[in-house]
Amino acid sequence: MAARHWNWFWLGVAAFCAVVAVVFLLRPQEPLKVAQADSPVELIEPQPKLLALTFDDGPRRSTTSKLLEGLDQRGVPATFFLIGKQIEGNEDLIRQMADSGHQIGIHTFDHVELHNLSPADIHRQLDPTRAALRAILGDREFLLRPPYGFLDDTLLQQADSPIILWSVDPEDWHNRDVQREVAHIVSHVQDGDIILMHDIFAESVDAALQVVDQLHQAGYVFVTVDDLLLARNITPKNGEIYRHAYPD
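Residues numbered from 1 in each chain as written. Predicted model: local features only at pLDDT ≥ 70, side-chain atom pairs only at ≥ 80, totals over all residues. Heavy atoms only, no water.

Draft legend 1. The overall build of the chain, seen in detail. Of regular secondary structure, the chain possesses eight helices and eight strands. Out of the 248 residues belonging to the chain, those deemed buried represent 40%. Pairs at least 24 apart in sequence give 74% of the contacts found in the chain among residues at least 6 apart. (Helix = DSSP H or I, 4+ residues; strand = E, 2+ residues; numbered from the N terminus. Buried < 20%, exposed > 50% of the residue type's maximum accessible area, 1.4 Å probe, protein only. Contact = heavy atoms within 4.5 Å.)

This is the structure we're talking about:
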């Protein structure tokens, strides 16, 4: 008889515990309190790796047109240093360059070496090229790239523009080997480089587009020369030389 009473006792205890558990689970729950920092943590985004892809000696309709199409498909701006005597008849290509966000510079009128020239001879190469481009694009300034990179103090004084050289040169004029050019550029570039190529060679166009695809995958972003310098807090000045924009 005592054992039966003992069983009823434990059944009662179990029932009480069950009721308490149900009440606890069904009561309104207060939201969790998360400790707040005294001040927000500032996340610093790393600077993107930037490159400027530049082309000399154009425009040439057959090759420059294909290059512009390929760059447009990839959303890549470039900088074109044009020869003055090749502007006539290619005005539409030059407008297309500007409308697509590319930067345009000058590469003399006749592709002549500018060092050892008199001031008058320098201006005979630069002024008509500027005038021809302004007739198409309106009043604006144009960067200068001297052919072969040859310059002297007289040119620095007479240039009336910043002078843009380069830090990566695959010598794409040499043997027109697409894979060699691609391998050279991809293996040599670093953040802030200015790449020299020529849009008058079909092989260079193919190489340039392959370079863009490979370096995009490596995390590089292509910008114009002006935007490259601006991103690195460099203000280009007339008569000064710029070969790259390496980060501090």
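Draft legend 2. Region of the structure containing the pairing of strand 6 (residues 194-198). The buried fraction of strand 6 is high, at five of five residues. Both faces of strand 6 are covered, namely the face carrying Ile194, Leu196 and His198 and the face carrying Ile195 and Met197. As paired elements, strand 1 (residues 49-58) and strand 6 share five bridges and run parallel to each other. For leucine 53, the partnering residue across the bridge sits in strand 6 and is isoleucine 195. (Pairing = 2+ DSSP bridges.)

Draft legend 3. Looking closely at the packing of aromatic side chains. This model, assessed by the stated rule, comprises two aromatic pairs. Each ring, one from tyrosine 148 and one from phenylalanine 150, has its centre 5.6 Å from the other, and the planes form 35°; the classification is tilted. We classify phenylalanine 150 as partly exposed; its relative accessible area is 36%. The residue whose ring lies beneath lysine 49 is tyrosine 220, and the NZ or CZ to ring-centre distance is 4.3 Å. (Phe/Tyr/Trp six-rings, centres within 6.5 Å; stacked < 30°, edge-to-face > 60°. Lys NZ or Arg CZ within 6 Å of the ring centre and 35° of its normal.)

Draft legend 4. Geometry of the packing of helix 6 (residues 178-188) against helix 7 (residues 202-217). Orientation of helix 6 relative to helix 7, taken along the N-to-C sense of each, is 40°, at an axis distance of 9 Å. Classified by the angle their axes make, helix 6 and helix 7 are oblique. Crossing handedness for the pair helix 6 and helix 7: right-handed. Of the residues in helix 7, those touching helix 6 at Val178, Gln179, Glu181, Val182, Ile185 and Val186 are Glu203, Ser204, Asp206, Ala207, Gln210, Val211, Gln214 and Leu215. When the residues that make up the contact of helix 6 with helix 7 are grouped by side-chain class, the tally is seven nonpolar, four polar and three charged. (Axes fitted to C-alpha atoms, helices over the stretch in contact; angles between N-to-C directions. Parallel < 35°, antiparallel > 145°, perpendicular 65-115°, else oblique. Left-handed = near helix turned anticlockwise from the far one by under 90°. Nonpolar A, V, L, I, M, F, W, Y, C, P; charged D, E, K, R; others polar.)

Draft legend 5. Structural context of unusual backbone geometry. Of the consecutive residues glycine 58 and proline 59, the connecting peptide bond is found in the cis state with omega at 0°. Position of proline 59 relative to the elements: it lies in the loop between strand 1 and helix 2 (61-74).

Draft legend 6. Region of interest: the confidence of the model for the chain. When pLDDT is averaged along the chain, the result is 88, and 81% of the positions lie at 70 or above. Below a pLDDT of 50 lies the segment residues 1-6, which in the model reaches zero contacts outside its immediate sequence neighbourhood of four places, other chains included. Predicted confidence is poor over residues 17-37, with pLDDT under 50, and the contacts of this stretch with residues over four places away or in other chains come to one contact. (pLDDT = per-residue confidence, 0-100.)

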